[in-house]
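# An overview of the molecular structure
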Amino acid sequence: MDIIVGTAGHIDHGKTALVKALTGTDADRLPEEKERGITIDLGFAELSLDNLRIGFVDVPGHEKFVKNMLAGASGIDLVLLVVAADEGVMPQTREHFEICRLLGTKRGLIAVTKNDLVDSEFLQLVESDIAGLVKGTFLQTAPVIPVSSKTGEGIEELKATLIRLGPEIPPRADTFVTRMPIDRVFTVKGFGAVVTGTIATGQIEVGTDMELVPDGKVVRIRGLQNHGSAVSKAHAGQRAAVNLGGVDYIEIKRGMVLSETEILRPTQIVDAEMEVLASAKRAVKSRHRVRMHLGTVEALARVQVLNPSNEIKPGQSDFVQIRLERPIIAVPGERFILRQYSPQLTIAGGQILDSAARKHRKKEASAINGYLEKLKNAVISRSYAEYIALVLGFLNDSGLNYKDLRARTGWQAETLQKALEENIKAGLTVKCDTDFIAHSAFKLLKEKLVRFIGQYHRNEPLSPGIMRETLREKTASHLSVNIFRAALTSLESDGEIWSERDIVRLSSYHQQLSGEEEKVSERLIQTYLESGRKVPTLENALQHSINGTGLNSGQARKLFQLLLNSGEIIKVSEEFYFSRQTITELVSNLREFANALEDRQISVAEFKDLTGVSRKYAIPLLEYLDIQKITRREGDKRLVL
């Protein structure tokens, strides 16, 4: 079993010395750390106890280096809170403890170091001080072990306690795609870029491609180490050193995330629940500029409080929107810390509820808070189907495609697919090819389409229906084509609309022509019947049809379009139109002519003689017959099929 243990505590309380006493490794690796005798950046060590493999993350205790401490604290399973027996609880003891609590750490133990420097009476006072600090928290019942890194007293008891607590650590959720926040970057001669971190979710395997987000750089996993040994793969909950190909180490920074390719997307707006520390000196108000620590990243941001008072008082929790000044990677349920911009003090923390939020307006406050309350419950209970239903419902009729949903949730494909299938089966979600929309929103969309088509019929009584693209542009331009098409298909299946080619109309719609419209329509039909194979131009036919009526050429053109749609008149070319009867007779004559021939071929001249038309009609007619597959051109002749 693998677990990550993180130290926490005030400067000079012996965290690094304790890690060395446990593991034999000096976690201070920087020359400056050894020279000054204080931990500045994260240090790492390993320890194997029975079947338990422990990765230690040793954090700096100085107040100036809390941001480095935060980069290591986010990935721990168990906190080792260190309090020096000769000083007791100090400012950074409290801040580190509050950080671990806000990050959702559930397990831990307390080591009282420098035990050899105090008597038993003073030790009892320190332990009483510690009890006051952790009362009512996750460490209230945690073991308190006096130790001395110098004499070795308590070290074996501490190891035994770790062996006992290890199996109590719950396994990490396998819900999310692989993510490893990067906490250290360096180069090794002959190997190139190496990054380290705690694998938060999923697994990393040698030979695979991964992505450095939010930058989007695709890299190759060339090598992998865990506990100082080369391995072919490493999984969630393990420390890993990863040799990357396809990137220079100067392109990588702490705060980046190594993830599966083409899934997670950068975000600059997240919705969250936030708790303001009771020790904070003032309330957190809207527009408050803060430093957000998420995983190993630090990013400047502003907080938008989503309650009517626009503030959250010390010791209280509420919903907020955090608007970041640069892109980060976040997933639902991920914990974060907020520190004051200046002076840099920890003031709040919480968890992400929506990693791809849109800006909320003040008038939406009530609805937003109700939505986020439900979203929080779904995150806490890991109700994945409910989470998807809530997000799609909140987005109204815009919907999301499959890739959008994966990016928004960060879930494994199996988790997302199962959640979607549950919602589709329950009638909460509608699948539109690769897009998904809430059933309630889909129903409203269909009603909107029916209303608009009906209004179009009233405005354009001579039109056979509305063009499909016009309908989309006027009613659903913000939607994906998949959702729009699915809505039309559903309406047609329900018998509410009828469509042919690019025309859509209500099934109940029947064109009612006035007396003059009927007269013009009949004149057009008669004009093309009487002209036979020597038809007039369209403009002449239209002008002739409206003589003596109150209609104009535009209205006549609409009636002409109705005849085209019904097939009474046939378009042969952009210039010539013929009656259906004329074309039917021409085809019959042509086939009779071909039946008498062995090769069934006809030249242009023979076609002109057969039909009695000039070349200006013959060529367009033959080309039309080719398109209709009645004839096929072979050199200078046509084969009658």
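Described in the following lines is the structure provided in the data block. Computed from a predicted model, the values in this text were never measured in an experiment.

Criteria and thresholds
- Residues numbered from 1 in each chain as written.
- Predicted model: local features only at pLDDT ≥ 70, side-chain atom pairs only at ≥ 80, totals over all residues.
- Heavy atoms only, no water.
- Salt bridge = Lys/Arg side-chain N within 4 Å of Asp/Glu carboxyl O.
- Helix = DSSP H or I, 4+ residues; strand = E, 2+ residues; numbered from the N terminus.
- Buried < 20%, exposed > 50% of the residue type's maximum accessible area, 1.4 Å probe, protein only.
- Contact = heavy atoms within 4.5 Å.
- Pairing = 2+ DSSP bridges.
- Axes fitted to C-alpha atoms, helices over the stretch in contact; angles between N-to-C directions.
- Phe/Tyr/Trp six-rings, centres within 6.5 Å; stacked < 30°, edge-to-face > 60°.
- Lys NZ or Arg CZ within 6 Å of the ring centre and 35° of its normal.
- Core = buried A, V, L, I, M, F, W, Y, C linked by side-chain atoms within 4.5 Å.
- Parallel < 35°, antiparallel > 145°, perpendicular 65-115°, else oblique.
- Left-handed = near helix turned anticlockwise from the far one by under 90°.
- Nonpolar A, V, L, I, M, F, W, Y, C, P; charged D, E, K, R; others polar.

Enumeration according to the criterion identifies 21 salt bridges in this entry. Here D183 ties to R239 by a salt bridge, and the two come within 2.6 Å at their closest N and O atoms. Of this pair, D183 sits in the loop between strand 7 (179-181) and strand 8 (184-188) while R239 sits in strand 15 (residues 239-245); the two residues are 56 residues apart in sequence, bridging distant segments of the chain. With respect to class, D183 is no different from R239; both count as buried. Each of E98, R101 and E275 takes part in a single network of salt bridges with overlapping partners.

As a further point, take the environment of A84. When you line up the elements, A84 lands in strand 4 (residues 78-84). For the pair A84 and L338, spaced 254 residues apart in the sequence, the C-alpha separation amounts to 27 Å. Setting aside residues up to four positions removed in sequence, A84 forms contacts with H13, T113, K114 and V126.

Two pairing modes exist for strands in a sheet, parallel and antiparallel, and in both the strands are linked by backbone hydrogen bonds. Ordered by their spatial adjacency, six strands build a closed barrel running 17-22-20-19-23-24, and the pairing between neighbours is antiparallel. The sheet shows a mean angle of 45° between the axes of neighbouring strands, direction not considered. Relative to strand 24 (residues 346-354), helix 4 (residues 91-102) is tilted by about 10°, and along the sheet it contacts strand 17 (267-276), strand 23 (335-340) and strand 24.

As summarised here, the arrangement of the six strands in space is 2-3-1-4-5-6, forming an open sheet in which the pairing is mixed. For this open sheet the edge positions go to strand 2 (43-49) and strand 6 (144-146), each flanked by a neighbour on one side alone. Averaged over all adjacent pairs, the angle separating strand axes in this sheet is 25°, with direction ignored. The strands touched by helix 5 (residues 120-134) within the sheet are strand 4, strand 5 (107-113) and strand 6, with strand 5 carrying the most contacts at an inclination of about 155°.

What follows is about the packing of aromatic side chains. Using the criterion set out here, one finds seven aromatic pairs in the structure. When the centroid spacing of 6.0 Å and the interplanar angle of 15° are considered together, the rings of F97 and F138 count as stacked. Taken as a pair, F97 in helix 4 and F138 in the loop between helix 5 and strand 6 lie far apart in primary sequence, 41 residues in all. Aromatic side chains F560 and Y577 sit 5.0 Å apart centroid to centroid with 85° between the ring planes, which places their arrangement in the edge-to-face category. Here the residue F560 occupies a position in helix 16 (residues 553-566), and Y577 occupies one in strand 32 (residues 577-579), the gap between them amounting to 17 residues. Since its relative accessible area comes to 3%, F560 is described here as buried. In this structure Y577 comes out as buried when scored by relative accessible area, which is 8%. Ring-pair connections join several aromatic residues into one group, and the members of that group are Y384, Y387 and W411. For the cation-ring pair, R179 lies above F176, with the distance from its terminal atom to the ring centre recorded as 5.9 Å.

Of all hydrophobic cores here, the largest spans 53 residues; its most connected members are L372, L375, I388, L405, L449 and L471. Among the secondary structure elements, those contributing two or more residues to this core are helix 7 (365-381), helix 8 (384-394), helix 10 (413-425), strand 26 (429-432), strand 27 (435-438), helix 11 (439-459), helix 13 (481-493) and strand 30 (503-506). Ignoring sequence-local partners within four residues, the contact set of L372 consists of D271, L306, F319 and L353. In terms of nonpolar packing, the next biggest core, distinct from the first, is built from 38 residues, L551, L559, L622 and I630 among them.

What follows is about the packing of helix 7 against helix 8. It is at 9 Å that the axes of helix 7 and helix 8 come closest, and there the two elements cross at 160°. Here helix 7 is positioned roughly antiparallel relative to helix 8, judged by the angle of their axes. The handedness of the crossing between helix 7 and helix 8 is left-handed. Every residue of helix 8 that contacts helix 7 at I368, Y371, K374, L375, A378 and V379 is listed here: E386, Y387, L390, V391 and F394. Here the residues of the contact of helix 7 with helix 8 sort into nine nonpolar, no polar and two charged.

So yeah, pure geometry; function would need other evidence.
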